[in-house]
Amino acid sequence: MSNSLSDRLQMFVRRATGRGRLTEKDVEEMMREVRLSLLEADVNFKIVKEFTNNVKEQALGEKILNGLNPGQQVVKIVHDELKRVMGEESVGLNYANTGLSTFMTIGLQGSGKTTAIGKMGLYIRKKDKKKVMLVAADVYRPAAIDQLVTIGKGLGIHVYEEGIKDARVIVKNGLKYAKDNNYDVVIVDTAGRLTIDEDMMQELKDVKEILKPNEVLLTVDAMMGQEAANVAKSFHDQIGATGVILTKMDGDTRGGAALSIREISQIPIKFASSGEKMDSLEAFHPERMASRILG
Ligand code: GDP
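Since this is a predicted model, take the numbers as computed values, not measurements. (Residues numbered from 1 in each chain as written. Predicted model: local features only at pLDDT ≥ 70, side-chain atom pairs only at ≥ 80, totals over all residues. Heavy atoms only, no water.)

(A) Spotlight on the pattern of salt bridges. For the coordinates displayed, the defined rule picks out 17 salt bridges. Between Glu-40 and Arg-8 there is a salt bridge, with the nearest N and O atoms lying 3.8 Å from each other. Here Arg-8 lies in helix H1 (residues 5-19) and Glu-40 lies in helix H2 (residues 24-40), a separation of 32 residues in the sequence. For Glu-40, a relative accessible area of 37% corresponds to the partly exposed category. The exposure class assigned to Arg-8 is buried, which follows from its relative accessible area of 9%. (Salt bridge = Lys/Arg side-chain N within 4 Å of Asp/Glu carboxyl O. Helix = DSSP H or I, 4+ residues; strand = E, 2+ residues; numbered from the N terminus. Buried < 20%, exposed > 50% of the residue type's maximum accessible area, 1.4 Å probe, protein only.)

Next up, the structure:
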């Protein structure tokens, strides 16, 4: 569809201005545009339905139809509701009050987890001014360890690795190393698989038990659309995540995944990651995402 949702809604704004009021039918038609637009952004249809009902109720309930710029007000309600669903401003990382902070990253293979860890390392060092170390404990994909080591070298960030062995042992040893060497933060890379399976979940639970992480960050590929929300929910139900890193935001995705994830699993989205450049990790801004979804 060529026009963005904002453009399409503007048509109603103009119509209402011309007439001096907005009818209930206008609101229905506006909601149809919103519904189509969210479905195009690959938001789950149940969420879309709930969302539009909610907006409609507010639009009619506020008796704005005869007020000043009624069309404009409906657009504002859509925008505010998008922001509300996606959560408030990004909350930042949760560090330990004293001593070593431990972050664990989880996610499906290919979701951009390894890349995101490198970006986080740089972000934590540059923005939060902390001494950070990475731990290579994705022992199922041998290339994952090499990939993390290469990323670490490129950034000048130490990667603790012991090759392929029990991830629990690597994590224990890595923790000791980090404490002995006065690091502020460790970020642990964990097993990724193409799909969720029980062995992986068990290993993640064990690692979590050992690490007692301050953050469990789930990487989710934004290009997966609404399926991203189901993956996030499975991980969250079994492991418990404290935040989502939405990856591959540079794709042509409209970002419907962000809305679905928040609505289905309630995990706050903390970061948006785009591209392969290491400095492309950004705190998540619901405002920007709302505008992106609105197109
Ligand atoms: P992992 O298997 O979850 O560790 O994923 P990787 O970090 O290895 O990334 C999988 C693929 O996605 C690689 O080809 C990355 O270069 C690519 N990738 C990772 N993050 C991004 C991103 O933000 N944008 C794009 N376009 N590609 C990405």
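(B) Here's a closer look at the UniProt feature "domain: SRP54-type proteins GTP-binding" (unreviewed entry) in the protein chain. Mapped onto the present numbering, the UniProt feature "domain: SRP54-type proteins GTP-binding" (unreviewed entry) falls on residues 268-281. Secondary structure content for residues 268-281 is 0% helix and 43% strand, while the C-alpha to C-alpha distance between its ends is 16 Å. (UniProt positions renumbered as here; feature names shortened; annotations may be inferred.)

(C) Local environment of the nonpolar core. Leu-38, Leu-82, Met-86, Leu-218, Phe-235 and Leu-246 are the most contacted members of the largest nonpolar core, which has 73 residues in total. The greatest single-element share of this core, amounting to seven residues, is contributed by helix H4 (residues 70-86). Those residues in contact with Leu-38, other than ones at most four positions away along the chain, are Val-43, Val-48, Phe-51, Leu-82, Leu-259 and Ile-293. Core analysis: the second largest hydrophobic core is formed by 25 residues, Val-132, Val-185, Ile-187 and Ile-245 among them. (Core = buried A, V, L, I, M, F, W, Y, C linked by side-chain atoms within 4.5 Å. Contact = heavy atoms within 4.5 Å.)

(D) Spatial organisation of helix H7 (residues 167-180). In a regular helix each residue adds 1.5 Å, so 14 residues correspond to 20 Å; H7 covers 20 Å between its end C-alpha atoms and thus fits that length. By the burial criterion, the buried members of H7 are Ala-167, Ile-170, Val-171, Gly-174, Leu-175 and Ala-178. Across the axial projection of H7, the buried residues extend over an arc of 135°, all falling on one side. Away from its buried face, by an angle of more than 90 degrees, H7 presents the exposed residues Lys-172, Lys-176 and Lys-179. Elements in contact with the buried residues of H7: strand S1 (101-107), strand S2 (132-136), strand S3 (159-160), strand S4 (185-189) and helix H8 (198-211). (Expected span 1.5 Å × (residues − 1). Arc of directions from axis to C-beta.)

(E) Region of the structure containing the packing of aromatic side chains. Going through the model one piece at a time under the given rule, you end up with three aromatic pairs. Judged by centre distance (5.5 Å) and plane angle (45°), the rings of Tyr-95 and Phe-103 are tilted. With relative accessibility at 17%, the residue Tyr-95 sits in the buried group. Note on Phe-103: relative accessible area 0%, which makes it buried. With centroids separated by 5.0 Å and ring planes inclined at 80°, the aromatic side chains of Tyr-123 and Phe-271 adopt a geometry described as edge-to-face. With Tyr-123 in helix H5 (residues 113-126) and Phe-271 in strand S7 (residues 269-273), this pair connects stretches of sequence that are 148 residues apart. This pair shows no difference in class: Tyr-123 is buried, exactly as Phe-271 is. (Phe/Tyr/Trp six-rings, centres within 6.5 Å; stacked < 30°, edge-to-face > 60°.)

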